Structure formats: C-alpha cells, structure tokens
Amino acid sequence: MKLTINGEEQQIPETVESVEQLLAHFNVAHKKSVVEKNGEILTKPEQKESLLNENDRLEIVHFVGGG
Amino acid sequence: MLNIGKFSFASRLFLGTGKYKTAEVQKQAVEASETEVLTFAVRRMNIFDSSQPDPFEDMDLKGYRLLPNTAGAKTAEEAVRIARMADAAGMCDMIKVEVIGCDKTLLPDPVETLKASEQLLKEGFTVLAYTSDDVVLARKLQELGIHAIMPGASPIGTGLGIVNPYNLAHIIEQAVVPVIVDAGIGSPKDASYAMELGADGVLLNTAVAGADQPVKMAEAMKLAVQAGKLGHEAGRTEKKFYAQASSPTEGMSQL
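Residues numbered from 1 in each chain as written. Chains lettered and ligands numbered in written order. Predicted model: local features only at pLDDT ≥ 70, side-chain atom pairs only at ≥ 80, totals over all residues. Heavy atoms only, no water.

- Chain B appears in an unreviewed UniProt entry as Thiazole synthase from Sinobaca qinghaiensis.
- The UniProt entry for chain B carries this comment under Catalytic activity (unreviewed entry): "[ThiS sulfur-carrier protein]-C-terminal-Gly-aminoethanethioate + 2-iminoacetate + 1-deoxy-D-xylulose 5-phosphate = [ThiS sulfur-carrier protein]-C-terminal Gly-Gly + 2-[(2R,5Z)-2-carboxy-4-methylthiazol-5(2H)-ylidene]ethyl phosphate + 2 H2O + H(+)". (UniProt positions renumbered as here; feature names shortened; annotations may be inferred.)

- In the nomenclature of an unreviewed UniProt entry, chain A corresponds to Sulfur carrier protein from the organism Sinobaca qinghaiensis.

**Quick notes on the pattern of salt bridges**
Residue and element names in this part refer to chain B.
Consideration 1: Taken as a whole and assessed by the stated rule, the structure comprises 12 salt bridges over all chains.
Consideration 2: In this structure, Lys222 engages Glu34 in a salt bridge whose closest nitrogen and oxygen atoms are separated by 3.2 Å. Note that Lys222 is positioned in helix α8 (residues 214-234) and Glu34 in the loop between α1 (23-33) and β4 (37-44), a separation of 188 residues in sequence.
Consideration 3: The class of Lys222 is buried, set by a relative accessible area of 13%. (Salt bridge = Lys/Arg side-chain N within 4 Å of Asp/Glu carboxyl O. Helix = DSSP H or I, 4+ residues; strand = E, 2+ residues; numbered from the N terminus. Buried < 20%, exposed > 50% of the residue type's maximum accessible area, 1.4 Å probe, protein only.)

**Brief notes about the pairing of strand β3 (residues 13-16) of chain B**
All names here are of chain B.
Consideration 1: Burial along β3 is two-sided: Leu13 and Leu15 and Phe14 and Gly16, pointing in opposite directions, are all buried.
Consideration 2: Sheet analysis places β3 next to strand β10 (residues 201-204), joined by 3 bridges and oriented parallel. Bridge assignment links Leu13 to a residue of β10, and that residue is Val202.
Consideration 3: Pairing analysis gives 3 bridges linking β3 to β4, with the strands arranged parallel. Of the residues in β4, the one forming a bridge with Gly16 is Thr39. (Pairing = 2+ DSSP bridges.)

**A look at the packing of α1(B) against α8(B)**
Residues and elements named next belong to chain B.
Consideration 1: Two numbers describe how α1 lies on α8: the axes approach to 7 Å, and their chain directions differ by 20°. Looking at the two axes, α1 sits roughly parallel to α8. The chirality of how α1 crosses α8 is right-handed. When α1 is examined against α8, the residues Val25, Gln28, Ala29, Ala32 and Ser33 are found in contact with a partner set consisting of Pro214, Val215, Ala218, Glu219 and Lys222.
Consideration 2: Here the residues of the contact of α1 with α8 are counted per class, giving 6 nonpolar, 2 polar and 2 charged. (Axes fitted to C-alpha atoms, helices over the stretch in contact; angles between N-to-C directions. Parallel < 35°, antiparallel > 145°, perpendicular 65-115°, else oblique. Left-handed = near helix turned anticlockwise from the far one by under 90°. Contact = heavy atoms within 4.5 Å. Nonpolar A, V, L, I, M, F, W, Y, C, P; charged D, E, K, R; others polar.)

**A short note on the packing of aromatic side chains**
Consideration 1: All told, the structure shown has 5 aromatic pairs over all chains when counted by the stated rule.
Consideration 2: The interplanar angle of 90° and the centroid separation of 5.3 Å between the aromatic rings of A:Phe26 and B:Phe48 together place this pair among those described as edge-to-face. Taken as a pair, A:Phe26 in the loop between α1 (19-25) and β3 (34-37) and B:Phe48 in the loop between β4 and β5 (65-68) lie in two separate chains rather than in one.
Consideration 3: Looking at B:Phe48, the relative accessible area reads 53%, which means it is exposed. (Phe/Tyr/Trp six-rings, centres within 6.5 Å; stacked < 30°, edge-to-face > 60°.)

**Some words on the sheet that holds strand β7 (residues 127-131) of chain B**
All names here are of chain B.
Consideration 1: One open sheet accounts for 3 strands, arranged β6-β7-β8; its pairing is parallel. Whereas interior strands pair on both sides, the edge strands pair on one side only; in this sheet they are β6 (95-97) and β8 (148-151). For this sheet the average axis-to-axis angle between neighbouring strands, irrespective of direction, equals 25°.
Consideration 2: Across 4 bridges, β7 lies against β8 in parallel orientation. In the strand pairing of β8, Ala129 is matched with Ile149.

**Details of helix α2 (residues 76-88) of chain B**
All names here are of chain B.
Consideration 1: Relative to the 18 Å expected for 13 residues at 1.5 Å per residue, α2 spans 18 Å between its end C-alpha atoms, a close match to the ideal helical length.
Consideration 2: Buried residues of α2: Ala76, Ala79, Val80, Ile82, Ala83, Met85 and Ala86, and no others.
Consideration 3: Where α2 ends, the next residue or the one after it, Gly90, has phi of about 70°, a positive value. (Expected span 1.5 Å × (residues − 1).)

**Some points on the side chain of A:His62**
Consideration 1: Structurally, A:His62 can be placed in strand β5 (residues 57-65).
Consideration 2: Residue classification places A:His62 among the buried residues on the basis of a relative accessible area of 8%.
Consideration 3: Setting aside its immediate chain neighbours within four residues, A:His62 contacts A:Lys32, B:Ala41, B:Val42, B:Arg43, B:Arg44, B:Met45 and B:Gln52.

**As for the interface of chain B and chain A**
Consideration 1: In this complex, chain B contributes 31 residues to the contact, which on the side of chain A involves 22 residues.
Consideration 2: When chain B packs against chain A, close to 2,500 Å² is buried across both sides, 63% of that on carbon and sulfur atoms.
Consideration 3: Interface area lost by chain B to chain A is led by B:Arg44, B:Met45 and B:Ile47, which between them contribute 31%.
Consideration 4: B:Arg44 serves as the salt-bridge partner of A:Glu59, at 2.7 Å between the closest nitrogen and oxygen.
Consideration 5: On inspection of chain B and its partner chain A, the count reaches 11 residue pairs in polar contact (both at pLDDT 80 or more).
Consideration 6: At the level of elements, β4 and α2 of chain B are the ones that each hand at least two residues to the side of chain B that touches chain A.
Consideration 7: Considering each element in turn, the side of chain B that touches chain A owes the most residues, 6 residues, to β4(B).
Consideration 8: When the residues that make up the side of chain B that touches chain A are grouped by side-chain class, the tally is 14 nonpolar, 9 polar and 8 charged. (Buried area = accessible area lost by both parts, 1.4 Å probe. Polar contact = N/O pair within 3.5 Å; in protein donor to acceptor, adjacent residues only side chain to side chain.)

Here it is, written out as structure tokens:
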C-alpha cells in the first residue's frame, strides 16, 4: 500500500491495516507522538480504529528541544 | 506568585530545552534553574530511526507545566495546527504562539501572531504570544484576552540582551496580563534588568544551553531573576548628574 508519511511516499505491507499498527511497524509505538491522517488529528483510541487506505497522507510528529 | 490563566508559579524563570549538549546536562540545568515551566518544539518524527533519543524520556515532566511553542510556523494556520497537535498528545498546558515573519532576524509576524492567538483563545488554550517589543501590538494582544505577552528582548539566539528598554517599559506599564521577556537574553545581567524594569518573568534557552557551564548558568539565571524582581519591588534610588557623598561631610578629623 502506498502512503505519504511525513511528506515522503512509502510502500507499506498490506498486513499493516491501522494507524496503531503502522506505528508498531516502524517501532515507534512506545514513543510520545501525534498522528495526523489526511489533515485530521487522531487521538490514541482513534489510532486503533483508524484504517489505512491507499494514498493516505500521514504526519507523525513528536516533541523535541526548543525555546 | 506569578499567575497565568489558571496556573500559578513561584518561579519566574521559564526555560527552553533546545541546544543542550547532552540530555543529562539539560536535566541538571532544568533542576538548577528551579523552573516550573518548560518550553519545547513539535517536529516530524524520523520514523526510520526508532533509536532517536527523546529529549524528555529521562525527565519526570509531572512537576512542570508544559509550554510547547509553535516555532517553525510562518502562518496563523500552521501555528494553530501545531498547538492542536501538542494538545492532542497531552503535552500542552499553555501554548507559546510563535509565528516567524523574517528568516534573518527571526522576528515574529505581528499579523499572523494576532490571528493565531485569536483562534487559539477561541479554542480554549492558555495562550502566551511571542511578540516583538511593539507597544501597540502588545496592547492589541491583551485586548484579545491573551494570558501573557512575551516581548523579545532582542532576536532569538543573539544574546544581545534588552535592546529597547524604552519600548519594554511601555509594554510593562500598560500591561493588564503578565509580561514574560522572551528571546535574546544573554547573561544574568539581562535577566535581572528585565525584572528590574517590571517584567513578571523571563523565558530563556540559549543563554543557559550555550554557556560554558550550563548548570551553573541555570542557577545564575534563577538568582538574577529573583534579584531583579526584589530590586524592582524595593524601588531603585534616583539617578543624579552630580556626585553626592555617601559618608557625612561634617565632623572630619583634622591633621
């Protein structure tokens, strides 16, 4: 399945069906992050329910040092 | 106590978390500063490097109020989006609206700052806006109902200190909400000066992170903010053109 993640096109195995599974696929599920799918911010429970579709645009952000 | 929206703080020093050499130095500096408010940024995660360190991993954030910034935003829309993201992660007690309008000076875009602040206030955020030292803009922000005004002392990361104490004094004089002097603070002298002018607090980052000994500088900044605040409350002596002896001029013993 083709997804755009953080501005870059990625091929994701079909076994990855939800946003939650996508985070696990990249090994970042344990990290504090925020996911936006097609412009909509997803809460944690929504990440579980939110199914991925071809050409979805995802933004995965986290928190970094800043002033 | 410093009151911003529904929050109260004993410390008047807010600390940024950027540019520390190591996470351990940052942690120690934060402790030494005795700050209660931490600022940080929101950025894309590198999903291909799960070992990328999380700067807040080893820190117990429970004791702190979190003030994410919207740095990187160039429009109100982008700033609002960053604020919503931070909020969705439960990492946003207050939001620092920062919309940059000039790449060279990193000075804020006043129009977009105003727009973003208005929207975030509508959405119920506790909003602190990073502004230039513009007196009229500061007034307009507080007319919107902003929770604190954050005028820059000088451009971000320059360490030039307070370049326009005149404007800053006017912003402070007219303020009906707390004024937190943000950006450009270089040394404890600058932090103290801001407080002496009547500011309610200081937000700094590079001044500590970029010091030779950040932990020591964090403590120095804590003391400088306290000294400046006390000095302001005490009321400084008048400035005079001619000297006036401190010791009695009469009763001198003669040779």
